[in-house]
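Topology and contacts: notes
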Amino acid sequence: MSDRITGAAPSPGRLLAAAEPPAGPAGKALDLLTIIVAAVEQAPGLAVRGIDRDGIVRYWSFGAARLYGVTAELALGQPWARVAAALPGAANVAEQLAGELAAVWASGKACSARLWKLDADGAAPRCICSTVFPVMQSGRVRQVVCIDVDITASGQDGAAHGALLRMGDNFRQLYEKSADAIVLLRDEYIAEANPAAIALFQCEDRPQLLGRRLSDFSPLRQHDGELSSLRGTQFAAQAHADGNCRYDWRYQTCAGRLFWGEVLLTSVTLDHTCLCYAVIRDISSRKLAERALYLSVQVIEHASVAIVVMDPQQRVVSVNPAYSEISGYSPDDMLGKPFVPHGMEPDAPAFFEQVWNEVDANGYWQGDIVGQRKGGGRYPAWLSLTAIRDSQGQLSNYLAILSDISERKKNEEHTRHLAEHDFLTDLPNRVLLLDRLSLALAAARRKLSMLAILYLDLDDFKYINDSMGHHVGDLLLKEVARRLARCVRGVDTVSRHGGDEFIIILAEVGGIDQVAHVASSLLHAVTQVYQLGEYELHVSTSIGVAIFPSDGDSVDTLVHNADIAMYHAKESGRNNFQFFNAEMNAQIVERASLEQGLRAALGRDEFVLEFQPALDVASGQILGAEALLRWHHPQLGLLSPERFIAVAEECGLMVSIGNWVLRHACLRARAWHDAGHAWRVSVNLSPAQCLHNNLLHSVQEALSVSGLPAACLELEVTESLLMKGGARLAGALAQLRALGARLAIDDFGTGYSRLANLRHYPVDKLKIDPSFLPAAAEGESDTAVAAAIIAMARELQLGVIAEGVETAQQLAYLRAQGCQQYQGRYASAQVEGSALATLLH
């Protein structure tokens, strides 16, 4: 083995040299030391090594050379680490002795004897008993001496020690190769750790573990909140008292990762010193599984749905509390018995046989059932059945999840009701109406019976909303709905179609007279007085009626034709009912055509103005002209306002058309002025214009574009509009008057307005309706009305003009009464043919 050390330094010689012993005590001591050294050199199986503070070998006995196979010449003066590297089992020898040497140098005390194994090339391992102690001089450690004794063949004790050594070797291998972390604790500090411990705690090397407590590798507090240091001391005390202690512990690695460890802490006593061995196993995965299992159990126990577990024979093996709460059946009622959801349907057994067949075929089934509680009540339930199979695919259990869906069914019913009923009146809405009408038509076709659709629209409902507020309108609609529902049978349907429109389905009617009777009853019910808070209302309705099969055989056709009949009822004076006929449909088609044409007429420049002159009664001179709108229809030719104004008002085009009239009338009047004739132009304002917010702006724009003085523009409003307009119209007219425009009341005398009302409006002129002129009158009372209007205008210092004058006799009457101006065919005839007539055309 000597070839393991090369480049050895020259031998420093023997430690003790022979000499003549001096006399006295020193000589005697030297003789004794010489004898001891000689004995050591000659002792078989005894190896002595001496190492100084610098780690250099200073003594190497003959026994060491024999035992280790390294001569003194090769060992002396060499670093111990280099010599140890050449020894058999070099790694273990160097590592073990390094720790002992460090401890002796530090403490100045000898180490306890220990046994260890020395491997030999080609020979059986030997059992070595080693002792390490210091050599002191002046109170300081000068050298450390190690005495190794080979006890392999020393009789029975040697055999026992050899067996013990082999056992220790086995345990050392277990210790080194164990997958569990093993640490040796001395006074709670780590004195030794195996490779598994280093890996478990993610340490770079063993020194990073040694000298630290296990609690140092723990979070500040354990999962229950207690300090890790305090709890660790308690477990160590318990291990010392009971011999061992097993517990779970939360650790933190050097890298900061938290993990759960299962700890077996065993207390042992060695040389009157208490030590502890800790075996630590990472159980994080097990903890996660336990946590998952715990949560699963908690979920099942606290779930609001019922959970039932069955064996492969469908016998109940487990139920959670929710099942008892839902059904009233306790676990004792269920365990060991076939699972039956206590259905009450007559075909329940056959039904559930199909269910189980589907579960076996597909692995699951789910659907609605009706359950029965133990107390006898029934409840809707949602049931889900699942087949559970093991890792080999064999059926192990069935799982049933059952929930009481009573509340959900109520909510669904409520939601369905909201979706199919009007929120205000709670009547069926359009969706439910069409569904019921489809069913009623199908039944009527099967039974060859009649069916009627009544389309109702409240008259002047918009005026109620605008003048009294939408809350009054809502109250009215609710009361109308109640009255309509009381007028029909249970098989009939009353629905709100939207706004102030209602549709009624009369199923299986006996004849037209029965439908007319119901329509009359509805009219009578609706027209009764309404007392809505502080308001007392009188309301009427217009009703259109369509009959199946004569007026249509489809839902859309019947509703459409009833709607057409309702419009004719409105045109016939309102507060009546009309049955649908073909002529009505033709008129509606024409109206739709007019509406479509009107929407394009402005862009196509199809409107024109005609001007009717207004003459002075006394002199016959032209004072102005009224602008009259005409429409050059591409197919129907020149149309008067009576043909299309009502349609324009209904489809919301009157504001645009009225603004067009204002602008072009002002432009023509400006042309008159440029020709030297300062005539005034009169323009009729529609109700839509008067109530529109931009009326003042529209008038200002027309005057600005044309350059016409405001005083030359006269705006006319009807007496009926003046009565309904209220404060809003009065304010608008005041703004126009302040602008400088003149205001006239058209058709005066037809609206029965009181004289006092005129004082609230900035009116300049009254226009007498043609019905009050002599030729059109049926008695003296009508001419008296005309005379009264003229006298009243004179009294109020208002201008007055008669329109529709057609004869010289009417003009003579007006002149005799003191009327100031007139217009009409007779006036136009006076101008016709003159040079001024060309300016008006």
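These figures come from a predicted structure and were not determined experimentally.

**Comments concerning the overall build of the protein chain**
Counting its regular elements, the protein chain contains 29 helices and 31 strands. Looking at the 841 residues of the protein chain, the share that counts as buried comes to 42%. Counting only contacts in the protein chain whose residues sit at least 6 apart along the sequence, the fraction spanning at least 24 positions is 54%. Carbon together with sulfur atoms contributes 54% to the accessible area of the protein chain, which is approximately 43,500 Å² in total.

**Structural notes on the packing of aromatic side chains**
Applying the stated criterion across every chain yields a total of 19 aromatic pairs. Consider the rings of W60 and Y68, whose centres lie 6.0 Å apart with planes at 45°: the pair is tilted. By relative accessible area, which is 4% here, W60 ends up buried. Their ring planes at 65° and their centres at 5.9 Å tell us that F201 and F259 sit as a pair that is edge-to-face. Here F259 lies in strand β9 (residues 258-270) and F201 lies in the loop between α7 (195-200) and α8 (228-242), a separation of 58 residues in the sequence. Among the residues examined, F201 registers a relative accessible area of 0% and is labelled buried. On the accessibility criterion, F259 (0% relative accessible area) is buried. Taken together, the ring pairs in this structure connect F201, F217, F235, Y247, W249, Y251 and F259 into an aromatic cluster. Above the face of the Y530 ring, R483 is positioned so that its terminal group lies 3.6 Å from the ring centre.

**Here we look at the pattern of salt bridges**
For the structure shown, the criterion picks out 36 salt bridges. D368 is the partner of K409 in a salt bridge, and the nearest nitrogen-oxygen pair spans 3.3 Å. A residue pair is termed long-range when its members are at least 10 positions apart, and K409 in helix α13 (residues 406-420) and D368 in strand β13 (residues 364-372) qualify at 41 residues. Exposure remark for D368: the relative accessible area of 40% places this residue in the partly exposed category. The salt bridge partner of R489 is D492, with a shortest N-O separation of 2.8 Å. Given a relative accessible area of 37%, R489 falls into the partly exposed group. Several salt bridges share partner residues, and in doing so they unite D248, E262, R286, K287 and E290 into one network.

**Here's the deal with the packing of helix α15 (residues 461-468) against helix α16 (residues 470-486)**
It is at 6 Å that the axes of α15 and α16 come closest, and there the two elements cross at 140°. Judged by the angle between their axes, α15 and α16 are oblique. Each of F461, I464, N465 and M468 in α15 lies in contact with α16, whose residues at this interface are H470, H471, V472, G473, L476 and L477. Per-class residue counts for the contact of α15 with α16 are six nonpolar, four polar and no charged.

**Thoughts on the pairing of β13**
Sheet topology places β13 next to strand β14 (residues 378-389); nine bridges connect them, and they run antiparallel. Note that in β14 the partner of I369 across the bridge is A381. If you look at the hairpin formed by β13 and β14, you'll find five residues sitting between the two strands, and G376 has a positive phi there, around 110°.

**Section: the sheet that holds strand β16 (residues 450-458)**
One open sheet accounts for five strands, arranged β17-β18-β16-β21-β22; its pairing is mixed. Sheet topology places β17 (493-498) and β22 (577-579) at the edges, where each strand pairs with a single neighbour. Averaged over all pairs of adjacent strands, the angle between strand axes in this sheet comes to 20°, irrespective of strand direction. As paired elements, β17 and strand β18 (residues 501-509) share five bridges and run antiparallel to each other. Counterpart to T493 in the pairing with β18 is I505.

**Describing the sheet that holds strand β12 (residues 316-319)**
Each strand in a sheet pairs with its neighbour through backbone hydrogen bonds, running either in the same direction (parallel) or in the opposite one (antiparallel). Strand order in this open sheet of five strands is β12-β11-β15-β14-β13, and the pairing throughout is antiparallel. The strands lining the two open edges of the sheet, one partner per strand, are β12 and β13. Looking at each pair of strands side by side, their axes are set apart by 25° on average, direction ignored. Relative to the sheet, α13 contacts β13, β14 and β15 (395-404), its axis offset from that of β14 by approximately 120°.

**Quick word on the side chain of D459**
Considering the arrangement of structural elements, one finds D459 in the loop between β16 and α15. A polar contact is formed between the side chain of D459 and the backbone nitrogen of T541, at a distance of 3.4 Å. At 2.7 Å, the side chain of D459 forms a polar contact with the side chain of K570.

**Section: helix α20 (residues 641-650)**
In an α-helix, one full turn covers 3.6 residues, which means residues spaced three or four apart are oriented alike. Every buried residue of α20 is accounted for by P641, F644, V647 and A648. Each buried residue of α20 sits inside an arc of 155° when the element is viewed along its axis, so together they form one side. One or two steps after α20, the chain reaches G652, where phi turns positive at roughly 80°.

**Looking at empty space enclosed by the protein**
If you walk through the whole model with that rule in mind, you get two cavities of 30 Å³ or more. Taken as a whole, the largest cavity holds about 90 Å³ of empty space. As for the largest cavity, its lining consists of 14 residues, of which A614, S682, E714, K765 and Q821 are closest to the centre. Where the lining of the largest cavity is concerned, the elements lending two or more residues are β24 (622-633), β26 (680-684), β27 (713-718), β29 (765-768) and β31 (821-823). Among the elements that take part in the lining of the largest cavity, β24 stands out by supplying four residues, more than any other. Taken together, the residues of the lining of the largest cavity break down into four nonpolar, four polar and six charged.

**Observations concerning the packing of helix α23 (residues 695-706) against helix α24 (residues 719-739)**
Relative orientation of the contacting elements α23 and α24 amounts to 25°, with a least axis distance of 10 Å. In terms of axis orientation, α23 runs roughly parallel to α24. Classified by chirality, the crossing of α24 by α23 is right-handed. Each of L695, L696, V699, Q700 and L703 in α23 lies in contact with α24, whose residues at this interface are Q735, L736 and L739. When grouped by side-chain class, the residues that make up the contact of α23 with α24 number six nonpolar, two polar and no charged.

Quick notes on the rules
Residues numbered from 1 in each chain as written. Predicted model: local features only at pLDDT ≥ 70, side-chain atom pairs only at ≥ 80, totals over all residues. Heavy atoms only, no water. Helix = DSSP H or I, 4+ residues; strand = E, 2+ residues; numbered from the N terminus. Buried < 20%, exposed > 50% of the residue type's maximum accessible area, 1.4 Å probe, protein only. Contact = heavy atoms within 4.5 Å. Areas by Shrake-Rupley, 256 points an atom, 1.4 Å probe, with all protein chains shown as cover. Phe/Tyr/Trp six-rings, centres within 6.5 Å; stacked < 30°, edge-to-face > 60°. Lys NZ or Arg CZ within 6 Å of the ring centre and 35° of its normal. Salt bridge = Lys/Arg side-chain N within 4 Å of Asp/Glu carboxyl O. Axes fitted to C-alpha atoms, helices over the stretch in contact; angles between N-to-C directions. Parallel < 35°, antiparallel > 145°, perpendicular 65-115°, else oblique. Nonpolar A, V, L, I, M, F, W, Y, C, P; charged D, E, K, R; others polar. Pairing = 2+ DSSP bridges. Polar contact = N/O pair within 3.5 Å; in protein donor to acceptor, adjacent residues only side chain to side chain. Arc of directions from axis to C-beta. 1 Å grid on protein atoms, 1.4 Å probe; cavity = no way out; pocket = protein on both sides within 12 Å on 5 of 7 lines; lining within 4 Å. Points joined across faces, edges and corners; volume = space filled by probe spheres on them. Left-handed = near helix turned anticlockwise from the far one by under 90°.

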